[in-house]
Amino acid sequence: GLVGVAASGKIEDALAAEANPDVRARCVRAAGRVAPLTPKPPRPKEAAPTPEGESGEPKPPEVVDAPPPFSSAPEVALLGKALADDALAPAAGWALGVYGVRSERGGAVSALPADVIAALRTRFQGSAAQHREPYAYALWRLHAPGTSAELRAGLNDPSPLVRGWCARGELPARSRAAR
């Protein structure tokens, strides 16, 4: 079956071949459980200082940053496509939340392509109450940059789950680092 790392890359074919909507939703949720995690980038390294600058003083070391990683896994792309489908979007929201939890607990970074984050934000903004829950959970767990406005908007949602997840996602950076 489609379990664990062995299922990576095979879910899209199973989803395309399936006609039953419940099984299709299960395939989408499984994508969040088997998508490979993106390792955290290495810390910025400092280049060795040069002995002398133009004025005879030592030059300060330059900081070399690695480009930000993002997941190019087929499961992540599948979740982005599923967010565009009204029947599969809630399952994709829950699956993205699970991917965020796996990334957080696995010491990885949940770096998603911009189109997936944009689709998730659009779904969150276009829903309310219990229909917003999967997307609020995903936004909270993914810690995606640029989503704080959505999380603030969710503080007034009728659903207590949405309000709670949005409140947890709005912790100041120093509080999040202390957790």
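Before any of the text, the structure's been laid out above.
Predicted model, so just to flag it, every value in this text is computed and none were measured.

K.L.:
Explain the overall build of the chain to me, and be specific about the residues and the numbers.
P.N.:
Regarding its fold elements, the chain presents 9 helices and 4 strands. When the elements of the chain are put in sequence order from the N terminus, they spell out α-α-β-β-β-α-α-β-α-α-α-α-α. For the chain, the proportion of its 179 residues judged to be buried stands at 37%. Only carbon and sulfur atoms are counted for the fraction: they give 56% of the accessible area of the chain, which is about 10500 Å².

K.L.:
Residue-level account of the environment of Pro-41, with values.
P.N.:
Here Pro-41 is to be found in the loop between β1 (38-39) and β2 (45-46). On the basis of relative accessibility, which here comes to 41%, the residue Pro-41 falls in the partly exposed class. Spatially, the C-alpha atom of Pro-41 lies 8.3 Å from that of Val-109, the residues being 68 residues apart in sequence.

K.L.:
Explain the nonpolar core to me, using residue names and the numbers behind them.
P.N.:
Judged by nonpolar contacts, the single largest core of 40 residues is most densely connected at Val-28, Leu-96, Leu-112 and Leu-120. Setting aside residues no more than four positions away along its own chain, Val-28 makes contact with Leu-15, Leu-79, Ala-82, Leu-88, Ala-91, Ala-92 and Ala-95.

K.L.:
An account of the packing of helix α5 (residues 114-125) against helix α6 (residues 133-142) is requested, with residue identities and associated values reported.
P.N.:
Where α5 contacts α6, the axes come no closer than 9 Å and their chain directions differ by 135 degrees. Here α5 lies oblique to α6, going by the angle between them. α5 and α6 meet at a crossing whose hand is left-handed. Taken together, the residues of α6 that come into contact with α5 (itself represented by Leu-120, Arg-123 and Phe-124) are Tyr-135, Ala-136, Ala-138, Leu-139 and Leu-142. Residue composition of the contact of α5 with α6, by class: 7 nonpolar, no polar and 1 charged.

K.L.:
Account for helix α3 (residues 74-82), naming residues and giving values.
P.N.:
Listed in full, the buried residues belonging to α3 are Glu-75, Val-76, Leu-78, Leu-79, Gly-80 and Ala-82. Where α3 is buried, its residues contact α1 (11-17), α2 (21-34), α4 (89-105) and α5.

K.L.:
How would you explain the pattern of salt bridges if you had to name every residue and give the values?
P.N.:
Note that side chains of opposite charge can pair when their charged atoms are close. This model, assessed by the stated rule, comprises 5 salt bridges. Measuring nitrogen to oxygen at the nearest pair gives 2.9 Å for the salt bridge that ties Arg-121 to Glu-150. Taken together, the residues span a long stretch of sequence, with Arg-121 in helix α5 and Glu-150 in helix α7 (residues 148-153) at a distance of 29 residues. In this structure, the salt-bridge partner of Arg-132 is Asp-157, at a minimum N-O distance of 3.1 Å. With Arg-132 in the loop between α5 and α6 and Asp-157 in the loop between α7 and α8 (160-169), this pair connects stretches of sequence that are 25 residues apart. The exposure class assigned to Arg-132 is buried, which follows from its relative accessible area of 10%.

The rules behind each value
Residues numbered from 1 in each chain as written. Predicted model: local features only at pLDDT ≥ 70, side-chain atom pairs only at ≥ 80, totals over all residues. Heavy atoms only, no water. Helix = DSSP H or I, 4+ residues; strand = E, 2+ residues; numbered from the N terminus. Buried < 20%, exposed > 50% of the residue type's maximum accessible area, 1.4 Å probe, protein only. Areas by Shrake-Rupley, 256 points an atom, 1.4 Å probe, with all protein chains shown as cover. Core = buried A, V, L, I, M, F, W, Y, C linked by side-chain atoms within 4.5 Å. Contact = heavy atoms within 4.5 Å. Axes fitted to C-alpha atoms, helices over the stretch in contact; angles between N-to-C directions. Parallel < 35°, antiparallel > 145°, perpendicular 65-115°, else oblique. Left-handed = near helix turned anticlockwise from the far one by under 90°. Nonpolar A, V, L, I, M, F, W, Y, C, P; charged D, E, K, R; others polar. Salt bridge = Lys/Arg side-chain N within 4 Å of Asp/Glu carboxyl O.

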